[in-house]
Amino acid sequence: PDAEVLFWVDDGWYLSRQKLIATHTGQWRISRRPTNDKRVKTVPRADSKGPDQLRGLSDRALGGQDSGGSAINLAYLFGASEICLLGYDMGGHHWHSNYRLETTGMLYGQFMRHINAMAPALTAKGVSVWNCSPSSQLTCFPYRPLADFL
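Worth saying up front: this structure is predicted, and the values here are computed from it rather than measured.

**Student:** Would you mind showing me how to read the overall build of the protein here?
**Tutor:** Tallying secondary structure elements over the protein gives four helices and five strands in all. Written out in order from the N terminus, the α and β elements of the protein read β-α-α-β-β-α-β-α-β. Within the protein, the proportion of its 150 residues that are buried is 39%. Across the protein, the fraction of contacts at a sequence separation of at least 24, relative to all contacts at a separation of at least 6, is 46%. Of the roughly 8800 Å² of accessible surface on the protein, a fraction of 53% belongs to carbon and sulfur atoms.

Shown next, in the form of structure tokens:
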């Protein structure tokens, strides 16, 4: 509840955790979809672009196909110059039980295509992104142990 930013994409997560969300004391509650909670700021998903219809890095919306990709874009919008990724293994199971889609290898492949499209734009803007998940299939950002940042 003490995090400065609380961000989610999945409606199932949001709807099943209303009481927990109400305890959030940080400044920002952000979703890609509108809610009835007046404290929640909606930041829409970026439009798909290019022949591959990818949602790359955006200066006004949230790129990425999944919440992880959108969270990277959100950190950029907040002005982060260094981003550490945790839990971006892209091969396990989704971590909460209210997820409606089965997370298959094909789905993770789609997520990674959109994140891969963000990598060069982030580098060009001077943002360093480190993947702190040692068994990650996401290889567009260099691996660095989390201990290096603690």
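**Student:** Sorry, what's going on with helix α3 (residues 67-77) here?
**Tutor:** The set of residues buried in α3 consists of Gly 68, Gly 69, Ser 70, Ile 72, Asn 73, Leu 74 and Tyr 76. One or two steps after α3, the chain reaches Gly 79, where phi turns positive at roughly 95 degrees.

**Student:** Looking at this structure, I do not really get the environment of Gly 63. What am I missing?
**Tutor:** Inspection of the secondary structure assignment puts Gly 63 in the loop between β3 (40-42) and α3. Judged by its relative accessible area of 0%, Gly 63 is buried. For Gly 63 and Asn 73, which are 10 residues apart along the polypeptide, the C-alpha to C-alpha distance reads 5.9 Å. Once you skip the residues sitting within four places of it in the chain, Gly 63 turns out to touch Ala 46, Arg 55, Gly 56, Gly 69, Ser 70, Asn 73 and Met 118.

**Student:** Is there a simple way to explain the nonpolar core in this structure?
**Tutor:** Where a protein is soluble and globular, its nonpolar side chains tend to be buried together. With 19 residues, the main nonpolar core has Ile 72, Leu 85, Met 90, Leu 122, Leu 138 and Phe 141 as its most contacted residues. Among the elements of the structure, α3, β4 (82-85) and α4 (105-124) are those that each provide at least two residues to this core. Looking at which element gives the most residues to this core, the answer is α4, with eight residues. Residues contacting Met 90, with those up to four places away along its chain left out, are Asp 66, Tyr 108, Phe 111, Met 112, Ile 115, Gln 137 and Leu 138.

**Student:** Is there a simple way to think about the sheet that holds strand β2 (residues 28-31) in this case?
**Tutor:** Note: strands within a sheet are paired through backbone hydrogen bonds, in either parallel or antiparallel orientation. One open sheet holds the three strands; their spatial order is β1-β2-β3, and the pairing between them is parallel. Single-partner strands in this sheet number two, and they are β1 (5-8) and β3. The sheet shows a mean angle of 25 degrees between the axes of neighbouring strands, taken without regard to direction. Here β2 runs beside β3; their pairing, made up of three bridges, is parallel. The partner of Arg 29 across the bridge, within β3, is Val 40. Sitting on the sheet, α3 is in contact with β1 and β2, with an inclination near 145 degrees to β1.

**Student:** Before we go on, may I ask you to explain a nonpolar patch on the surface in this structure?
**Tutor:** On the surface, Leu 86, Leu 146 and Leu 150 cluster together to form a nonpolar patch covering roughly 330 Å² of accessible area. Structurally, Leu 150 is set in the segment after β5 (128-131).

**Student:** How should I be thinking about the pattern of salt bridges in this particular structure?
**Tutor:** One pass over the full model with this rule turns up four salt bridges. Asp 37 is the salt-bridge partner of Arg 29, the closest N and O atoms lying 3.0 Å from each other. For Asp 59, the salt bridge is made with Lys 125, and the minimal N-O distance between the two is 3.7 Å. Taken together, the positions of Asp 59 in the loop between β3 and α3 and Lys 125 in the loop between α4 and β5 put the pair 66 residues apart, joining distant regions of the chain.

What counts, and at which threshold
Residues numbered from 1 in each chain as written. Predicted model: local features only at pLDDT ≥ 70, side-chain atom pairs only at ≥ 80, totals over all residues. Heavy atoms only, no water. Helix = DSSP H or I, 4+ residues; strand = E, 2+ residues; numbered from the N terminus. Buried < 20%, exposed > 50% of the residue type's maximum accessible area, 1.4 Å probe, protein only. Contact = heavy atoms within 4.5 Å. Areas by Shrake-Rupley, 256 points an atom, 1.4 Å probe, with all protein chains shown as cover. Core = buried A, V, L, I, M, F, W, Y, C linked by side-chain atoms within 4.5 Å. Pairing = 2+ DSSP bridges. Axes fitted to C-alpha atoms, helices over the stretch in contact; angles between N-to-C directions. Patch = residues over 30% accessible without salt bridge, like charges linked within 9 Å, V, L, I, M, F, W, Y side chains within 5 Å. Salt bridge = Lys/Arg side-chain N within 4 Å of Asp/Glu carboxyl O.

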